[in-house]
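Structural characterization, general
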Amino acid sequence: RHVVHSYPYQLEGNRITDDTGTHKWITCMRARARGVIEKYISIKPSLLHEANRISRSKFGTSPVIGVHMRGTDKWINKQVHPLRYIVEIEDFLKANPNGKIFLATDDSRFLAITKEKFPELVAIDAMRKPHNIIFDDKVDKNQKTKDVLIDSLVLASSATL
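Owing to the predicted nature of the structure, the values given are computational and were not obtained by experimental measurement.

Some words on a nonpolar patch on the surface
- Taken together, the side chains of Val-36, Ile-37, Tyr-40 and Ile-41 define a hydrophobic patch exposed on the protein surface, amounting to about 420 Å² of accessible area.
- As for its placement among the helices and strands, Ile-37 is situated in helix H1 (residues 23-40).

Here's the deal with the pattern of salt bridges
- The full count for this structure, using the stated rule, is four salt bridges.
- Here Arg-109 ties to Asp-107 by a salt bridge, and the two come within 2.7 Å at their closest N and O atoms.
- Overall, Arg-109 belongs to the partly exposed group, its relative accessible area being 41%.

Focus on the side chain of Thr-105
- Along the polypeptide, Thr-105 turns up in strand E4 (residues 100-105).
- Polar contacts involving the side chain of Thr-105 include one to the main-chain carbonyl oxygen of Met-69, which spans 2.7 Å.
- Reaching out from Thr-105, the side chain makes a polar contact with the backbone nitrogen of Asp-107 at a distance of 3.2 Å.

A few points about the pairing of strand E3 (residues 64-69)
- Most of E3 sits out of view: five of its six residues are buried.
- Note: E3 against E4, six bridges, orientation parallel. Bridge pairing in E4 places Gly-66 opposite Phe-102.

Section: helix H2 (residues 45-59)
- With 15 residues, H2 extends 21 Å from end C-alpha to end C-alpha; this agrees with the ideal 21 Å at 1.5 Å per step.
- Considered for burial, the residues of H2 that qualify are Leu-47, Ala-51, Ile-54, Ser-55 and Phe-59. Taken around the axis of H2, the buried residues stretch over an arc of 95°, which confines them to a single face. Exposed and oriented more than 90 degrees from the buried face of H2 are Pro-45, Ser-46, Arg-56 and Ser-57.
- The secondary structure elements touched by the buried residues of H2 are E3, E4 and helix H5 (141-156).
- Positive backbone phi, at 60°, marks Gly-60, one or two positions downstream of H2.

Side note on the side chain of Thr-114
- Note that Thr-114 resides in helix H4 (residues 108-117).
- Thr-114 gets classed as buried once you look at its relative accessible area, which sits at 5%.
- Not counting residues within four places of it along the chain, the set of residues in contact with Thr-114 comprises Met-69, Pro-82, Leu-103 and Leu-121.

The rules behind these values
Residues numbered from 1 in each chain as written. Predicted model: local features only at pLDDT ≥ 70, side-chain atom pairs only at ≥ 80, totals over all residues. Heavy atoms only, no water. Patch = residues over 30% accessible without salt bridge, like charges linked within 9 Å, V, L, I, M, F, W, Y side chains within 5 Å. Areas by Shrake-Rupley, 256 points an atom, 1.4 Å probe, with all protein chains shown as cover. Salt bridge = Lys/Arg side-chain N within 4 Å of Asp/Glu carboxyl O. Helix = DSSP H or I, 4+ residues; strand = E, 2+ residues; numbered from the N terminus. Buried < 20%, exposed > 50% of the residue type's maximum accessible area, 1.4 Å probe, protein only. Polar contact = N/O pair within 3.5 Å; in protein donor to acceptor, adjacent residues only side chain to side chain. Pairing = 2+ DSSP bridges. Expected span 1.5 Å × (residues − 1). Arc of directions from axis to C-beta. Contact = heavy atoms within 4.5 Å.

Have a look at this one:
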C-alpha cells in the first residue's frame, strides 16, 4: 500500500487494474517518491557543477529545448523513432531563432539520425551503443550512472522539454 512504482507494470500478464497508470496514480507515486528522494538521495556538488558548466558553455543565455529519446532501454512500450520529434524541435526553433537543442539518449543510432537533421545539437559525450548497456558488466557502472545523471540535470535546466 505504501510502495512506490515508477511504471504500471503488468502482473501475471495482466495490467494491474484500478487507477494504475492514470494521472491520479502517477501523482500519488511521485508524491510518495519525493519524500524518499529528499530523505535519502542527494546529488554531489561536483556533478551539479559539471551539469551547470555544460549548460553555461554550450547554451549561454539561449533558450534550450531538451529532448530525451529512449532507445535501447525501451522494451515495455514501443520505441518512438527520432524522426517523430522533428516537428516539435522545428517549431521550437521557429519560435526561438537563437534556440539550442540538447539531446539526451542512450542510443547511438538515435543520436546519429537526429544530428543528421540538426548538426548543431548538443549531446554530452556519454557511453552510447546500439544495444542496452545497462546490464553490460563490461561497461563501468559508475560512468553509466554519471552519464545518465548529467543528462538528466542538463535536461532539467532546459526551457522546454
